[in-house]
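What follows is the residue order along each chain.
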Amino acid sequence: MELVLPQIDWAPFAPLIPVALGGLTTLVTDLFLPPGRKYLIAILSLMAIAVSILLSIGSWGPVLDSDLGMVRYGIHDAVVLDRFSLFFYLVLGLICMLTILLSMGYLDTAAADQGEYYSLLLFSALGMMLMAAGGDLIVIFLGLETFSLALYTLAGFWKADLRSNESALKYLLLGAFASGFFLYGIALIYGATGTTMLRQIAAFLVDGHPPAPLFMIGGGLLLVGFGFKIASVPFHMWAPDVYEGAPTSVTAFMIAGTKAAAFAAFLRVFLLALPALHVQWSVAIWVLAVLTMTVGNLVALVQSNIKRMLAYSSIAHAGYLLVALVAGGSSGGASILFYLVAYALMNLGAFAVIIALQGHEQERLLLTDYAGLGWQRPVLAACMAVFMFSLAGIPPTAGFMGKLYIFSAALEGRYLGLAVIGVLNSVVSVYFYLRVIVIMYMSEAASPRSLVPASIAAVLAVVISVLGTLHLGLFPAGLLDLARQSIAAVAG
Amino acid sequence: MSQTGGPILSTLIVLPLLGVLLLTIVDGAREGLIKRLALAVSGLDLLLSLIVYVRFDPAKAGMQFVERALWIPSIGSSYFLGVDGISLPLLLLTTFLTPIAILASFSGIASRVKAYMICMLLLQSGMIGVFVALDLVLFYVFWEGMLIPMYFLIGVWGGSRRIYATLKFVLYTMAGSVLMLLAMIALAFLHQGSTGRLTFDLLELIGGPIPYGTQLWLFAAFALAFAIKVPMFPFHTWLPDAHVEAPTAGSVLLAGVLLKMGTYGFLRFALPLFPEAAVAFAPLISVLAVISILYGALVSMVQDDLKRLIAYSSVSHLGFVMLGIFAMNLQAVEGSILQMVNHGLSTGALFLLVGMIYERRHTRMIEEFGGLSRTLPRFALCFLIVTMSSIGLPGLNGFVGEFLILAGTFRVHKGFAVLATLGVILAAVYMLWMWQRVMWGKSRRAENLTLDDIGRREMAILVPIILLILWIGLNPNPLLRRMDASVIQLLEGVRSATSEVRIPPSPPFVKGGWGDLVRSTN
């Protein structure tokens, strides 16, 4: 008997390979580096990501020329190379790069476990990229598990810190639960349609098969799985504790990266496989969006720990993204892509400021710790203010432009009620984002604090983020065009 | 347009931003240099805006000094600037008041001068942007963006309840604005539905067919945002807090310019975009305007804090402006635009005067003063002129604006005009009574007898305003004539769109000067 190997087109994997290789080499290199040279591991990881980004940029043009569908597939339909995948390769590359920079400022450079940390970070980025490129539910699940497993470990990276342990355990238990839902959903969909390939599911539905109850339940379970990963209400319970307990650099990565990867897969499934069921899905997501925005913003109002506040804020932002998902179509999709970039920049920027302010010493995470910082560290505080204004959606920042696109997509899809609830929510959010600025600029520090010099890497992350946030706020057209080109690959 | 020697409006916006960049590299300890730099930049902006005034062609109704560039083509938004007879006076008011406000801050602001001046220049840039932006998205960016410097000005350099006041100011404004943003987007999509072109270009959107019912909703969303900013009763409660807590220059620009953005918004956006809805809403808004006039005046009477008194008087004065706008005839609307400028001058000057006395006595309580006219004769004289301007004494600017508004309103609705006139009388009551308690009689505190009169810098702040108060009072025609064409075009637009709707008959337009306007009302 002859084993028939599938034809593998390696092009779709090109940007993934340097990340995977980087993950392996960092682990090995760690063994051979003397303690004083451990920073080289971070540099190595940065280089791996940079190569991946360059490969993605290089594929951007050829992908369009390859054939009519603007799509290439690796291993049948399982891994897709289109501009949508490339867009997320680039976004995740950016997120990973900023995370490495702020990790360099956060981790004790002399610590022994640098290799593990960056290796896990790169593998988790790999999983996210795979999830974004998955054209098959199984591949999406593989990506999801790859990055989740790496993140469970990273969340518990402070082995001696109880809160970090708690964070890891909570994330693992609830994440496993969510994975179960997701996998069960895939099984039911397979039972109903006989396939896990997104294109074939779409073809099955278009062929006039009425969606069987089995299929609807499967879809519902998928929704729960996605809901967990993007931390939408009522599946958000894990998020605040996990985000608060995890090492700050990991929290930043989870907040930005997980959301991007999960929304990439969510969009692809939603727009590619299930356009026929838009009406049924959108009702459920409408409810999720309203709950997520409202609960996230209201609970964020009363937080006194900045990580926890940003955790609830990230829940609220998942709600805004869900608004765009309900709106659907290419406008809704493009606005999600745009917003994810804006969201990543402003969140990573805010976390980079937190890290730059604390240096390697004791964490300062209470909002009151920031009193008077506006005058002691004027540049970092001004950048933090920019990120807060951006998160609140006040122009001229990326956050405003992102919200503008999301709510205009909602109105284009005739979801007036949702848009009104959304903008009113963003008014509520203004209060707690501005509170950070109030504390930084309008109140005095209770006790004089010793200032540590900020790490150069973290400051670099802050500067990149703040320039990006302002650039997208003033000149959003370029990224919006990219987002539209990318979404065309899945939304037709 | 032929008269542009370059992108002058963009230069007006960018110049203060360049000033900000310059300030960021100056050492924060060199306060004298920082102050002079900020003053120089805003003064240069004033000079540039005078070029706009001189080269402005009063015969043209449309936009002048137009600049247009691609910005976000995929959503149909462009970088589109221009000035017409409606925005010109407000543009000049902005560039005129900012250097004065900066000069007035030389002594009052003791800490964090660099950050303060950066905020002032950012604010100037934002305010100019609001008055010259002709693309809805661009307008919104300026409209909300300028909240940021004002938020810092009140929150950092304000009084004891500054944080409460500044958050209230931002949240009120945001709450109204976000619904306007949705209405803007909805309007663009409606326009796309009927013309096939997605655009946020104001001039293209004007005159588009919008169903009456939809117009009402969209108008309501715009009107809410603008009414909060004006502020009209019952949306005025943020104003006294913001004014009382803001530093002097913050109050000057808040009252002088920011409030005008609301009334300007009605004229620039709400009326021309939704003419039928504007006519339908006119009675309601007029009633609210009259309530604002009377309520603001009555509440002013019982204030014991000078700043609070002036803040409430702003509610009353802006009520006149709103009443004039919704009378929708030439006299009333021109009176309203003129009154926006007048209020900016007189109320701005009042806040400056209160700031000067506060720097000397560290109190603003009326009962603390008395007999100041003997110790501070120059101060008292300036205060008197400004008070008279605020009351509307003939020969000063306030009279012209109020008279035009009342005359125009009288033709449309006699009752409103009569009630509003009551507001003029009440204004005389609360202002003169305040003046009397502060300036005349026996001094109630010994400290009042040893105060220094205002010096050269303070005279340099007040004299330009007083000269303008006199100039507009005696010869308002240069300003009014520059408004004519644009206001007529605006009203014609409203009238033609609402031809089937019965709107009150209006007299033939009068193209002459102020004297002709007065005669035509007899």
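What counts and how
Just so you know, the residues in each chain are numbered from 1, in the order the chain's sequence is written. A letter from A marks each chain and a number from 1 marks each ligand, given out in the order of writing. In view of the model being predicted, local features appear only for residues whose pLDDT reaches at least 70, and side-chain atom pairs are presented and counted only at 80 or more, with totals across whole chains, interfaces and linings using the full set of residues. In DSSP terms, a helix is any run of H or I states spanning at least four residues, a strand is any run of E spanning at least two, and both are numbered starting from the N terminus. A radius of gyration in this sense is built from C-alpha atoms; the matching globule rule multiplies 2.2 Å by the number of residues raised to 0.38. Three classes are used. A residue is buried when 20 or more other C-beta atoms lie within 10 Å of its own, exposed when 12 or fewer do, and partly exposed in between, with C-beta atoms placed from the backbone. Note that contacts rest on C-beta atoms placed from the backbone: two residues are in contact if these are within 7 Å. By this rule the span expected of a helix is its residue count minus one, scaled by 1.5 Å. Note on definitions: a nonpolar core is a set of buried residues drawn from Ala, Val, Leu, Ile, Met, Phe, Trp, Tyr and Cys, linked by C-beta atoms within 7 Å. Residues are grouped as follows: Ala, Val, Leu, Ile, Met, Phe, Trp, Tyr, Cys and Pro are nonpolar; Asp, Glu, Lys and Arg are charged; every other residue, Gly included, is polar. Paired strands are those between which DSSP finds at least two bridges. Inter-axis angles, ranging from 0 to 180 degrees, are taken between N-to-C directions of lines fitted to C-alpha atoms, where helices are fitted over the stretch in contact. What sets the label is the angle itself: under 35 degrees gives roughly parallel, over 145 gives roughly antiparallel, 65 to 115 gives roughly perpendicular, and the rest give oblique. Rotating anticlockwise by less than a right angle from the far helix to the near helix defines a left-handed crossing, while the corresponding clockwise rotation defines a right-handed one. Per-residue confidence from the predictor is given as pLDDT, running between 0 and 100.

Caption draft 1: Representation of the overall build of chain B within the structure. What chain B contains, in helices and strands, is 21 helices and two strands. A compact globule built from 522 residues should have a C-alpha radius of gyration of about 24 Å, and chain B, at 22 Å, falls within 12% of that. Within the span of chain B, comprising 522 residues, buried residues form 60% of the whole. The contacts in chain B between residues at least 6 apart in sequence include a share of 80% that link residues at least 24 apart.

Caption draft 2: Region of interest: the overall build of chain A. Along its length, chain A carries 19 helices and two strands. A compact globule built from 492 residues should have a C-alpha radius of gyration of about 23 Å, and chain A, at 22 Å, falls within 12% of that. When its C-alpha atoms are laid out on the principal axes, chain A stretches across 70 × 55 × 40 Å. Here chain A holds 492 residues, and 61% of them are scored as buried. A separation of at least 24 residues holds for 80% of the contacts in chain A among residues at least 6 apart in sequence.

Caption draft 3: Inspection of helix H6 (residues 162–193) of chain A at higher detail. A rise of 1.5 Å per residue sets the reference length of H6 of chain A, with its 32 residues, at 46 Å; its end C-alpha atoms lie 46 Å apart and thus fit the reference within 8%. In the stretch just after H6 of chain A, Gly-194 of chain A is the one whose phi turns positive, near 80°.

Caption draft 4: Seen up close, the environment of Gly-225 of chain A. Residues and elements named next belong to chain A. One can find Gly-225 in helix H8 (residues 213–229). For Gly-225 and Asp-30, which are 195 residues apart along the polypeptide, the C-alpha to C-alpha distance reads 36 Å. Apart from residues lying up to four places away in sequence, Gly-225 is in contact with Ala-178, Phe-181, Phe-182 and Gly-185.

Caption draft 5: Just the nonpolar core, in detail. Within the largest apolar cluster, 405 residues are counted, with the highest numbers of intra-cluster contacts made by Leu-92, Met-129 and Ala-260 of chain A together with Leu-182 of chain B. When residues in this core are grouped by element, the largest group, 21 residues, is from helix H13 (residues 329–358) of chain A. Met-129 of chain A has contacts with Pro-15, Leu-16, Val-19, Phe-88, Tyr-89 and Leu-92 of chain A, leaving out every residue within four places of it along the chain.

Caption draft 6: Local environment of the interface of chain B and chain A. Contacts between the two partners involve 28 residues from chain B and, on the opposite side, 26 residues from chain A. Sorting the residues of the side of chain B that touches chain A by element identifies strand E1 (64–72), helix H5 (136–145), helix H6 (147–157) and helix H7 (162–195) of chain B as the ones contributing at least two each. Considering every element that reaches the side of chain B that touches chain A, the biggest residue donor is H7 of chain B, with 14 residues. When its residues are assigned to classes, the side of chain B that touches chain A shows 22 nonpolar, three polar and three charged.

Caption draft 7: Seen up close, the pairing of strand E2 (residues 77–83) of chain B. All names here are of chain B. Direction of pairing for E1 relative to E2: antiparallel, over a ladder of six bridges. Each residue of the ladder has a partner; that of Leu-70, found in E2, is Ser-78. The turn joining E1 and E2, which pair antiparallel and follow one another in sequence, is formed by four residues; a positive phi near 75° is taken by Gly-76.

Caption draft 8: Region of the structure containing the packing of H7 of chain B against helix H9 (residues 212–229) of chain B. Residues and elements named next belong to chain B. H9 packs onto H7 with a crossing angle of 150° between their chain directions and a minimal axis gap of 8 Å. One way to sum up the angle between H7 and H9 is to call them roughly antiparallel. Judged by the sense of rotation from one axis to the other, the crossing of H7 with H9 is left-handed. Within the contact between the two elements, H7 uses Tyr-172, Thr-173, Gly-176, Ser-177, Leu-179, Met-180, Leu-182, Ala-183, Ala-186, Leu-187 and Leu-190 and H9 uses Thr-214, Leu-218, Ala-221, Phe-222, Leu-224, Ala-225, Ile-228 and Lys-229.

Caption draft 9: Here's a closer look at helix H1 (residues 16–32) of chain A. The end-to-end C-alpha distance of H1 of chain A, which contains 17 residues, comes to 25 Å, matching closely the 24 Å that a straight helix rising 1.5 Å per residue would cover. Of the residues making up H1 of chain A, those classed as buried are Leu-16, Pro-18, Val-19, Gly-22, Gly-23, Thr-25, Thr-26, Thr-29 and Asp-30 of chain A.

Caption draft 10: Region of interest: the packing of helix H11 (residues 278–300) of chain A against helix H12 (residues 306–327) of chain A. All names here are of chain A. Interhelical geometry of H11 versus H12 gives an angle of 155° and a closest axis separation of 7 Å. As summarised for this structure, H11 and H12 are arranged roughly antiparallel, according to the angle between their axes. Handedness of the crossing formed by H11 with H12: left-handed. Contacts between H11 and H12 involve Ser-282, Ile-285, Trp-286, Leu-288, Ala-289, Thr-292, Met-293, Gly-296, Asn-297, Val-299 and Ala-300 from the first element and Met-309, Tyr-312, Ser-313, Ile-315, Ala-316, Ala-318, Gly-319, Tyr-320, Leu-322, Val-323, Leu-325 and Val-326 from the second.

Caption draft 11: Here's a closer look at the confidence of the model for chain B. Residues and elements named next belong to chain B. Model confidence for chain B is summarised by a mean pLDDT of 88, while 95% of its residues fall at 70 or above. Per-element mean pLDDT across chain B ranges from 45 in helix H21 (residues 514–521) up to 94 in H5. Long-range and interchain partners of residues 501–512, a stretch whose pLDDT sits below 50, account for 16 contacts in this model, where long-range means more than four residues apart. Below pLDDT 50 for its whole length, residues 518–522 participates in three contacts with residues either more than four positions away or in separate chains.

Caption draft 12: Quick look at unusual backbone geometry. The step from Pro-395 of chain A to Pro-396 of chain A runs through a cis peptide bond, and the omega angle for that step is 0°. Mapped onto the elements, Pro-396 of chain A comes out in the loop between helix H15 (378–392) and helix H16 (398–412). Backbone torsion omega between Val-230 of chain B and Pro-231 of chain B reads -10°, so that peptide bond is classified as cis. Along the chain, Pro-231 of chain B falls in the loop between H9 and helix H10 (238–245). Not every positive phi belongs to a glycine, and Ala-231 of chain A is a case in point at roughly 60°. Classification of Ala-231 of chain A as buried rests on a count of 28 C-beta atoms within 10 Å. A positive phi angle, near 55°, is found at His-362 of chain B, a position not held by glycine. Positionally, His-362 of chain B belongs in the loop between helix H14 (330–361) and helix H15 (372–375). With 9 C-beta atoms packed within 10 Å, His-362 of chain B lands in the exposed category.

Caption draft 13: Just the environment of Thr-248 of chain B, in detail. Residues and elements named next belong to chain B. By secondary structure assignment, the location of Thr-248 is in helix H11 (residues 248–273). Thr-248 sits 83 residues away from Gln-331 along the chain, and the two C-alpha atoms are 33 Å apart. Not counting chain neighbours up to four residues away, the residues in contact with Thr-248 comprise Ala-104, Gly-108, Phe-351, Leu-352 and Gly-355.

Caption draft 14: Structural context of the environment of Ile-186 of chain A. Residues and elements named next belong to chain A. Assignment of secondary structure puts Ile-186 in helix H6. Note on Ile-186: 20 C-beta atoms within 10 Å, which makes it buried. Along the backbone, Ile-186 and Gly-219 are 33 residues apart, and their C-alpha atoms lie at a distance of 8.0 Å. Ignoring sequence-local partners within four residues, the contact set of Ile-186 consists of Leu-137, Ile-138, Phe-141 and Thr-196.

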